[in-house]
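The residues making up each chain are set out below.
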Amino acid sequence: MTIKEVGKMEKLIVEGGVPLDGEVEISGAKNAALPLITATLLCAGRYRLKNVPDLRDTRTMLRLMEHLGITCERDGKDLEIDTTNLNSAEAPYELVKTMRASVLVLGPLLARTGVARISLPGGCAIGARPINYHLSGFEQLGVKCSLENGYIEAKAENRLKGNVVYFDMPSVTATENLLMAATLARGTTIIKNAAKEPEIGNLIDMLTLMGADIEGKNTDLLTVHGRDNLTSCEVEIIPDRIEAGTYLIGIAATGGQGGVKNCIPEHLPSLIEKMRGAGILVEVQDRAIMVDARECCKKGFKEVDITTMPYPGYPTDLQAQFMALMTLANGVSVIHETIFENRFMHVAELQRMGASISIDGRRAMISGKGLKGLTGAPVMATDLRASSSLVIAGLAASGMTEIARIYHLERGYESMVEKLAGLGADIARVRPDSS
Ligand code: EPU
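Residues numbered from 1 in each chain as written. Predicted model: local features only at pLDDT ≥ 70, side-chain atom pairs only at ≥ 80, totals over all residues. Heavy atoms only, no water.

Side note on the overall build of the protein
This is how the line gets drawn: The numbering of helices and of strands both runs from the N terminus, where a helix is a DSSP run of H or I of at least 4 residues and a strand a run of E of at least 2. For the exposure calls, accessible area comes from a 1.4 Å probe over protein chains only, and a residue counts as buried if that area is under 20% of its type's maximum, exposed if over 50%, partly exposed in between. Should any heavy atoms of two residues lie within 4.5 Å, those residues are counted as being in contact.
Of regular secondary structure, the protein possesses 16 helices and 24 strands. For the C-alpha atoms alone, the extent of the protein along its principal axes is close to 65 × 50 × 40 Å. Scored against the burial criterion, the 435 residues of the protein give a buried share of 57%. Taking contacts inside the protein between residues at least 6 apart in sequence as the whole, the part at least 24 apart equals 74%.

Right, here's the structure in full:
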């Protein structure tokens, strides 16, 4: 992208200092929709996926599916997918470089056809992010993987064969890929130290509807008894817990009152505890979470430390947003990022808004400056979650914040500007003069 092109891209303008008030409807989860879309590759047929968010990432995934010969049609919030005419097994560089989750086609393609070719994803804005767990897992199931001209060539001479797969660290997409591959393998596959994120539970539910035999949902030990055939199905995507958490932190950071509807509160245990620790009132309802931070406008937020961990620990995908909140706290908090080695790109931008943050390796020390700690500034989004932390900071700051490169936000937040405006935020998307 050239400087001229960047200059012409849309920006967000936020006039801060307005307490947010009201309720937001949560969309389907990006990180559940992506693996569930690729799971349709396992078996030829017509599928209906309900509550699929319309995001840049889901659109990229549909482009990849179309590249493979698959027909995808949107019907409101639902997707109709027909995987009968699969005619390619290649995930090209252009698509993988814009979305690493493209790697999720590997497992189903290997299970159905025994071959797959995918551009090796490089590093990204939050770290190196290798795919060695995916590849060594597939090798355990009898796949040979080699690197040719930047592409992973994966091939199985015979039907995949069940085996024991152990991950050194729980990996969300590696667990999903191996689960999908194992459903059609001969014999039993045991995945040890599997990730337990709710999005994996959603995938297990879909695979079970398709006829797969999987034990151990919501645990780190998954057992898959391979089947000869699967069938197509209709399935609903779970609500996006990260989107829900982002709005809850946003409402609180402005000293507002309100909440999120159509979410699953049990999916956010650690955030709820941390928000309560900061002095925010949190009320958990059946399918909603309400927060009230009006008292915090008088007393300020208490400082809270967080350590990101695999689920049910505090999610790395809500780390940047919580940091924005902690810049407004009364004292010093420490945020320890244990999942990704480079996920502090938002720090330099928050500093431009007046935040006092120092980094020591994977730890950030935030010296909260109280409720008036942030002032509006021009800032730049660097990745999806970093961008949403800048939006939160802009909403809580005094004055105007201009956020550039908002295409990052569009990867993972459906109608964010409209949803925030519905809460009373003074926010607009603007396209600079194209002259
Ligand atoms: N890892 C390896 N080798 C592998 C795979 C993972 O070393 O082969 C390491 C990673 O480098 C990282 C750790 O294992 O240190 C865990 O990463 P994981 O594999 O779980 O991440 P992911 O599956 O690539 C998903 C989400 C991310 C989210 C992480 C962690 C999807 C499509 N993406 O990524 O979402 O941050 O899990 O929860 O599900 C986002 O939505 O903004 C996002 C980045």
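Structure shown, so let's carry the discussion forward.
Points about the packing of aromatic side chains
Under the convention used in this document: Any two rings among Phe, Tyr and Trp, with Trp reduced to its six-membered ring, count as a pair given centres within 6.5 Å; such a pair is stacked if its planes are under 30 degrees apart, edge-to-face if over 60, and tilted if neither. In this scheme, the term charge over a ring applies when either NZ of a lysine or CZ of an arginine sits within 6 Å of the ring centre and within 35 degrees of the ring normal.
The tally for this structure, following the rule as stated, stands at 2 aromatic pairs. Taking NZ or CZ as reference, Arg-117 lies 4.0 Å from the ring centre of Tyr-151, over its face.

Points about the side chain of Asp-78
What counts here: Contacts described as polar in this section are N or O atom pairs within 3.5 Å, which, within protein, must combine one atom able to donate a hydrogen with one able to accept it, while residues neighboring in sequence count only if both atoms come from side chains.
The residue Asp-78 is located in strand 5 (residues 78-82) in this model. When its relative accessible area of 14% is taken as the criterion, Asp-78 is described as buried. Among the polar contacts listed, one links the side chain of Asp-78 to the side chain of Arg-48, at a separation of 3.0 Å. Filtering out sequence-adjacent residues up to four positions away, Asp-78 remains in contact with Arg-48, Leu-49, Lys-50, Asn-51 and Glu-73.

Points about the site of the ligand
Applicable threshold: The near set for a molecule or strand comprises every residue that places at least one heavy atom within 4 Å of it. Shrake-Rupley sampling with a 1.4 Å probe provides the accessible areas, and residues are treated as covered by the protein chains on show and by no other component. In this classification, the charged set is Asp, Glu, Lys and Arg, the nonpolar set is Ala, Val, Leu, Ile, Met, Phe, Trp, Tyr, Cys and Pro, and all remaining amino acids, among them Gly, are polar.
In the region of the ligand, 22 residues are neighbours, and Asn-132, Ser-171, Thr-173, Asp-317 and Ile-339 sit closest. In this structure, an oxygen atom belonging to the ligand sits 3.4 Å away from a side-chain N or O atom of Arg-343. When the free accessible area of the ligand is taken as 820 Å², the share hidden by the protein chains comes to 88%. Per-element accounting of the shell around the ligand gives the leading share, 3 residues, to helix 6 (residues 132-140). Of the residues contributing to the shell around the ligand, the split by class is 11 nonpolar, 6 polar and 5 charged.

Quick look at the environment of Thr-40
If you trace the backbone, Thr-40 turns up in the loop between helix 2 (30-39) and strand 3 (46-50). Put simply, Thr-40 and Ser-232 are 192 residues apart on the chain and 7.2 Å apart in space, counted from C-alpha to C-alpha. In this structure Thr-40 touches Tyr-47, Leu-49, Met-65, Ile-81, Thr-83 and Met-206, once residues within four positions along its chain are discounted. Within the structure, the side chain of Thr-40 is placed 2.6 Å from the backbone oxygen of Ile-37, a separation counted as a polar contact.

A few points about the packing of helix 2 against helix 8 (residues 198-209)
To be explicit about the condition: Axis definition: a line fitted to C-alpha atoms, over the contacting stretch in the case of helices. Angles run 0 to 180 degrees between N-to-C directions. We call two directions roughly parallel when the angle between them is under 35 degrees, roughly antiparallel when it is over 145, roughly perpendicular when it lies between 65 and 115, and oblique otherwise. Put simply, a crossing is left-handed when the front helix is turned counterclockwise from the back one by less than a right angle, and right-handed when it is turned clockwise.
Taken N-terminus to C-terminus, the directions of helix 2 and helix 8 make an angle of 25°; their axes are 9 Å apart at the nearest point. Taken together, the axes of helix 2 and helix 8 are roughly parallel relative to one another. Like other packed secondary-structure pairs, helix 2 and helix 8 cross with a definite hand, here right-handed. Taking contact as the criterion, the partners of Asn-31, Ala-32, Pro-35, Leu-36 and Ala-39 in helix 2 are, on helix 8, Glu-199, Asn-202, Leu-203, Met-206 and Leu-207. Considered class by class, the residues forming the contact of helix 2 with helix 8 number 7 nonpolar, 2 polar and 1 charged.

A look at the pairing of strand 8 (residues 144-148)
What counts here: Two strands are said to pair when DSSP picks up at least two bridges between them.
Pairing between strand 8 and strand 9 (residues 151-155): 5 bridges, direction antiparallel. Each bridged residue has a counterpart across the sheet, and for Leu-147 the counterpart in strand 9 is Ile-152.

Quick word on the side chain of Asp-240
So the rule is basically this: Note on charges: Lys and Arg go in the positive column, Asp and Glu in the negative column, and His and the chain ends are not counted at all. Any carboxyl oxygen of Asp or Glu within 4 Å of a side-chain nitrogen of Lys or Arg constitutes a salt bridge here.
Tracing the chain through its elements places Asp-240 in the loop between strand 14 (234-236) and helix 9 (241-253). In this structure Asp-240 is buried but unpaired, with Arg-385 as the nearest side chain of opposite charge at 5.2 Å. Of note is the side chain of Asp-240, whose polar atom sits 3.1 Å from the backbone nitrogen of Lys-30. Filtering out sequence-adjacent residues up to four positions away, Asp-240 remains in contact with Ile-26, Ser-27, Gly-28, Ala-29 and Lys-30.

Quick notes on the sheet that holds strand 19 (residues 332-336)
Strand order in this open sheet of 4 strands is 18-19-21-20, and the pairing throughout is mixed. Single-partner strands in this sheet number two, and they are strand 18 (306-307) and strand 20 (357-360). Together, strand 18, strand 19, strand 20 and strand 21 (363-367) form the strand contacts of helix 12 (residues 319-326), whose direction differs from that of strand 19 by roughly 170°.

Observations concerning the pattern of salt bridges
Under the counting rule described, the total for this entry stands at 27 salt bridges. Note that Arg-117 is salt-bridged to Glu-153, the shortest N-O span being 2.9 Å. Of the two residues, Arg-117 sits in strand 7 (residues 115-119) while Glu-153 sits in strand 9, which places them 36 residues apart along the sequence. Relative accessible area serves as the criterion here: at 25%, Arg-117 is assigned to the partly exposed category. Of the charged contacts, one joins Glu-295 and Lys-298 as a salt bridge, the two residues approaching to 3.0 Å between their closest N and O atoms. Classification of Glu-295 by relative accessible area gives partly exposed; the value is 38%. Connected through salt bridges with shared partners, the residues Glu-10, Arg-56, Glu-410, Glu-418, Arg-429 and Arg-431 form a single ionic network.

Quick look at unusual backbone geometry
Cis geometry marks the peptide bond from Tyr-311 to Pro-312; its omega dihedral reads 10°. Examined against the element boundaries, Pro-312 turns out to sit in the loop between strand 18 and helix 12. Although it is not a glycine, Asn-262 sits at a positive phi angle of roughly 55°. Locating Asn-262 in the fold gives a position in the loop between strand 15 (257-261) and helix 10 (269-277).

Focus: helix 10
Along helix 10, the positions that sit buried rather than exposed are Ser-270, Leu-271, Ile-272 and Met-275. Of the surrounding secondary structure, the elements contacted by the buried residues of helix 10 are helix 9, strand 16 (281-284), strand 17 (288-292) and helix 12. A positive phi of about 95° marks Gly-279, the residue just after helix 10.

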